[in-house]
Amino acid sequence: MTDVELTRALERGEIKDFHHASHLHVAWVYLAESPLVQHAANKMRHTLRRFAAGKPEKYHETMTLFWVHLLSYAYAASRGERLEDIVHANPQLLEKNFPLAYYSAGRLFSDEARTSWVEPDLKPL
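Notes on the structure follow. (Residues numbered from 1 in each chain as written. Predicted model: local features only at pLDDT ≥ 70, side-chain atom pairs only at ≥ 80, totals over all residues. Heavy atoms only, no water.)

A look at the side chain of Arg-45
Line of reasoning, step 1. Along the polypeptide, Arg-45 turns up in helix α3 (residues 37–51).
Line of reasoning, step 2. Apart from residues lying up to four places away in sequence, Arg-45 is in contact with Gln-38, Tyr-59, Glu-61, Thr-64 and Leu-65. (Helix = DSSP H or I, 4+ residues; strand = E, 2+ residues; numbered from the N terminus. Contact = heavy atoms within 4.5 Å.)

Here it is in structure tokens:
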């Protein structure tokens with residue numbers, strides 16, 4: 001399944017098992033399809049909230065926006081490279097807990113961070 005096919009299947013509610021690497025692929029598609037990072041972030045937010053419908057604890061606003069914004073920097077510098085090449089050069093992207101390099105655990109896992117964007121407190125993006 002291509003990244004675009006994965007994204008469309010997720011949007012249609014056809015994906016049941018969705019892991020961190022799949023999140024990255026969907027975010028990459030949204031970045032490619034969107035003229036602005038904020039548009040990609042809005043698409044990702046909307047899609048993941050629908051995916052987590054009925055299980056609000058599954059959606060985390062700050063984590064979602066962190067990954068979209070972090071990938072946006074890689075996407076802007078990628079010159080058309082595939083996500084796999086970016087990840088190969090930056091394996092930390094596959095570490096689900098990589099945001100903890102930017103956030104203290106208390107801040108990242110707070111109720112506020114789960115429901116709205118909070119700025120990193122350890123180092124800027």
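Some points on the packing of helix α2 (residues 20–33) against helix α4 (residues 61–77)
Line of reasoning, step 1. Where α2 contacts α4, the axes come no closer than 10 Å and their chain directions differ by 60°. Comparing their axes, α4 and α2 come out oblique. Crossing geometry of α2 relative to α4 is assigned as right-handed. The residues of α4 that touch α2, namely those facing His-20, Leu-24, Ala-27, Trp-28, Leu-31 and Ala-32, are Trp-67, Val-68, Leu-71, Ser-72, Ala-74 and Tyr-75.
Line of reasoning, step 2. By residue class, the composition of the contact of α2 with α4 is ten nonpolar, two polar and no charged. (Axes fitted to C-alpha atoms, helices over the stretch in contact; angles between N-to-C directions. Parallel < 35°, antiparallel > 145°, perpendicular 65-115°, else oblique. Left-handed = near helix turned anticlockwise from the far one by under 90°. Nonpolar A, V, L, I, M, F, W, Y, C, P; charged D, E, K, R; others polar.)

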